[in-house]
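Reading the structure
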Amino acid sequence: MVTPCCVIQGRTSLRGDIAISGSKNAALPILAATLLTDQPCVLHNVPELTDVANMLEALRLLGAEVISVGPRSWSICAKDVHTDARNPVVQHLRASVCLLGALLGRKRSASVAMPGGCKLGARPIDLHLRAFHRLGAQVHQPTGYVSLQTDYLTGTVLSMLGPRGPSMTGTSNAVMAAVLAKGTTVIRHASREPEIASLCRMLNQMGARITGLNSGTLIVKGVPFLHGTSFTVPPDRIEAGTFIILGYLRGTPVRVHGLTPQFLTENFQGFFDAIPSARRHSFFHDGAFEVHRIEDLPGLDICTLPYPGFPTDLQPQISVLASQAISASRVRDTVFPQRFAHIPAFRRLGIQAKVEHDTLHLAPHSTLHSGEVTATDLRAGAALYLAGILADGSTTVFRPDYVDRGYEHFEEKLQKLGAELTRLS
Ligand code: EPZ
């Protein structure tokens, strides 16, 4: 019996084409939103991820009819669902917290096990629960789960602002609890992450009346019911960013498909602002976004922020790129100030880095060498794959299951670009 791991032969140059899959963080709340109607919803471009498989199973356990209707397409009908999601499946992922808002909105009741998800530091849900309470729900938190109950939901004014910016899944939850409430709900300091707009677009297709998309203030006019719809999940901006960073590291070139100039403008302003030389090394050409290796990258000064700032979900990956810069870099994470559990693994591979409070300081020109490391979360796992592709010799990454949670067929896509890696399990 082999401990599951991925063995990566480093120093390969990468070239070729890869296609970006559907967005995990858009798909997960959208799946929860199918609970808001008794009619079928058909979803396309749903990525094949373990987090998605777990969310689909959570819907089945609630009594929804979940049917595959083609590659990455699902029909979900929540005609007869109950509201008890106290089960181990729900504990595997953070986004299961979105079941609370959808069940409360549709059934005025919910019991959901406390969400799991990557260990990035504190991950409270106080903003979610405060929103539910202000809409009229009684909130109870017995050990291990959250229980909501009310006879009616009444529109009100909510704020999703926490100590480190708006809450993304908190905003999704507030919207889903408000769409069928009586009256109008104003959600101030709403998350402006693009995945929220995707959710709101699908809800509006179902008959919801949500305005202010991308503005930071969402206005939700309650309606009596929602009907089914079909919806296509947008591309995953974090997967795209991960492959673009890989291209800056080893691209000769890497050609990323599935993006449009508009998508890059909407999703990558903060990213390109943080990497001054990026625009000279990556551009649309011949129907794909072509990314070339940056040989003499100036030191980076990155600060993660809520959208439209540099996304925290690319923090580990950009740190690997920064380790190769010709001068020192620093990477500050203001969203998850403790999101540095991967630094000991980075150091084992030769990355010269140290953490001070919420900031990672990186020396220039780190020479990466082989080693055995363990992924500590989904994005850190992807960053360790990038480091292994850079390193001399063979690198073993344990807990590759983290990567499977958020990157569809990641190893196959890397192999298609010329990376030499093998999954052992
Ligand atoms: C979502 O997590 C994403 N996950 C995360 O992606 C992403 O890193 C994060 O948003 C920030 O963009 C999904 O969408 C499934 P938050 P979420 O609520 O919603 C604090 C990945 O790799 N906060 O926006 O859980 C919180 O502690 C994952 O795909 C409160 O204080 O994050 C954090 O500091 C990792 N109270 C900040 O707000 C609350 O009630 C942002 O958290 C909720 C959050």
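Further up the page is the structure itself.
In short, a report on the structure.

Conventions used here
- Residues numbered from 1 in each chain as written.
- Predicted model: local features only at pLDDT ≥ 70, side-chain atom pairs only at ≥ 80, totals over all residues.
- Heavy atoms only, no water.
- Helix = DSSP H or I, 4+ residues; strand = E, 2+ residues; numbered from the N terminus.
- Rg over C-alpha atoms; globule rule 2.2 N^0.38 Å.
- Buried < 20%, exposed > 50% of the residue type's maximum accessible area, 1.4 Å probe, protein only.
- Contact = heavy atoms within 4.5 Å.
- Areas by Shrake-Rupley, 256 points an atom, 1.4 Å probe, with all protein chains shown as cover.
- Lys, Arg positive; Asp, Glu negative; His and termini not counted.
- Charge placed at Lys NZ, Arg CZ, Asp CG, Glu CD.
- Axes fitted to C-alpha atoms, helices over the stretch in contact; angles between N-to-C directions.
- Parallel < 35°, antiparallel > 145°, perpendicular 65-115°, else oblique.
- Left-handed = near helix turned anticlockwise from the far one by under 90°.
- Nonpolar A, V, L, I, M, F, W, Y, C, P; charged D, E, K, R; others polar.
- Near = heavy atom within 4 Å.
- Polar contact = N/O pair within 3.5 Å; in protein donor to acceptor, adjacent residues only side chain to side chain.
- Core = buried A, V, L, I, M, F, W, Y, C linked by side-chain atoms within 4.5 Å.
- Pairing = 2+ DSSP bridges.
- Right-handed = clockwise from strand over helix to strand, strands pointing away.
- Salt bridge = Lys/Arg side-chain N within 4 Å of Asp/Glu carboxyl O.

Regarding its fold elements, the protein presents 15 helices and 26 strands. For 425 residues, the compact-globule estimate of 2.2 N^0.38 gives 22 Å, and the C-alpha radius of gyration of the protein, at 21 Å, lies within 12% of that figure. In terms of its C-alpha atoms, the protein occupies a principal-axis envelope of roughly 60 × 45 × 40 Å. Taken across its 425 residues, the protein has 60% of its residues classed as buried. A sequence separation of at least 24 residues applies to 73% of the contacts in the protein between residues at least 6 apart. Here the protein has roughly 16,100 Å² of accessible surface; of this, 52% comes from carbon and sulfur atoms. Of the charged side chains in the protein, 40 are positive and 34 negative; the average position of the first set lies 6 Å away from that of the second.

Describing two packed helices takes the angle between their axes plus the distance from one axis to the other. With their axes 9 Å apart at the nearest point, helix H4 (residues 126-135) and helix H5 (residues 168-178) run at an angle of 20° to one another. Classified by the angle between their axes, H4 and H5 sit roughly parallel to one another. Pair H4 / H5 crosses with right-handed handedness. Across the interface between the two elements, His 128, Ala 131, Phe 132 and Leu 135 of H4 pack against Thr 169, Gly 170, Asn 173, Ala 174, Ala 177 and Ala 178 of H5. Partitioning the contact of H4 with H5 into residue classes produces six nonpolar, four polar and no charged.

Bringing the site of the ligand into the picture now. Residues in close proximity to the ligand total 25 residues, the closest being Arg 94, Ser 167, Thr 169, Asp 313 and Val 335. In this structure, an oxygen atom belonging to the ligand sits 2.9 Å away from a side-chain N or O atom of Lys 24. Separating a nitrogen atom of the ligand from a side-chain N or O atom of Asp 126 is a distance of 2.7 Å. For the ligand, the protein covers 95% of the area, taking 820 Å² as the surface of the free molecule.

Turning our eyes to something else, we now look at the nonpolar core. In this structure, Leu 99, Val 179 and Leu 203 are the most contacted members of the largest nonpolar core, which totals 76 residues. When residues of this core are assigned to their parent elements, the largest contribution, seven residues, is made by helix H1 (residues 24-33). With residues near it in sequence (within four places) discarded, Leu 203 still touches Ala 33, Leu 36, Val 175, Met 176, Val 179, Ala 208, Ile 210 and Leu 226. With 73 residues, the next largest nonpolar core counts Leu 120, Leu 264, Phe 336 and Leu 362 among its residues.

On to the packing of H1 against helix H2 (residues 50-61), then. Interhelical geometry of H1 versus H2 gives an angle of 0° and a closest axis separation of 10 Å. With respect to H2, the element H1 is oriented roughly parallel. Across the interface between the two elements, Lys 24, Leu 28 and Leu 31 from H1 touch Asp 51, Val 52, Met 55, Leu 56 and Leu 59 from H2.

Attention shifts here to the side chain of Thr 359. As for its placement among the helices and strands, Thr 359 is situated in strand E23 (residues 359-362). On the basis of relative accessibility, which here comes to 10%, the residue Thr 359 falls in the buried class. A polar contact is formed between the side chain of Thr 359 and the side chain of Asp 358, at a distance of 2.9 Å.

Below, the discussion takes up H4. All buried positions along H4 are accounted for by Leu 127, His 128, Leu 129, Ala 131, Phe 132 and Leu 135. Immediately beyond the C-terminal end of H4, within one or two residues, lies Gly 136, with a positive phi of roughly 120°.

Moving on, we get to the pairing of strand E24 (residues 369-374). Sheet analysis places E24 next to strand E25 (residues 392-398), joined by five bridges and oriented parallel. Paired with Thr 374 across the strands is Phe 398, a residue of E25. Considered for its hand, the β-α-β crossover made up of E24, helix H13 (residues 378-390) and E25 is right-handed.

Bringing the sheet that holds strand E7 (residues 109-113) into the picture now. As summarised here, the arrangement of the four strands in space is E6-E7-E9-E8, forming an open sheet in which the pairing is mixed. At either margin of the open sheet sits one strand with a lone partner, and together these are strand E6 (84-85) and strand E8 (138-140). Where E7 lies against strand E9 (residues 145-149), five bridges are found, and the strand directions are antiparallel. Of the residues in E9, the one forming a bridge with Ser 109 is Gln 149. Together, E6, E7 and E9 form the strand contacts of helix H3 (residues 98-107), whose direction differs from that of E7 by roughly 160°.

This next bit is on the sheet that holds strand E22 (residues 353-356). Pairing within the open sheet is mixed, and its four strands lie in the order E20-E21-E23-E22. Either end of the sheet is taken by a strand with one partner, and the two such strands are strand E20 (301-304) and E22. For this sheet, the mean angle separating the axes of adjacent strands, direction not counted, is 15°. Direction of pairing for E20 relative to strand E21 (residues 329-333): parallel, over a ladder of four bridges.

Per the stated rule, a full pass over the model turns up 19 salt bridges. Across the pair Lys 24 and Asp 51 runs a salt bridge whose closest N-O atoms are separated by 3.9 Å. Taken together, the residues span a long stretch of sequence, with Lys 24 in helix H1 and Asp 51 in helix H2 at a distance of 27 residues. The pair formed by Lys 24 and Asp 51 is uniform in burial state, with each residue classed as buried. With its nearest N and O atoms 2.9 Å apart, the salt bridge here joins Arg 72 to Glu 408. Residue Arg 72 is found in the loop between strand E4 (65-70) and strand E5 (73-77), and its partner Glu 408 is found in the loop between helix H14 (401-406) and helix H15 (410-416); the two are separated by 336 residues along the sequence. The class for Glu 408 is buried, based on a relative accessible area of 4%. When salt bridges that share partners are traced, they join Asp 17, Arg 255 and Glu 290 into one network.

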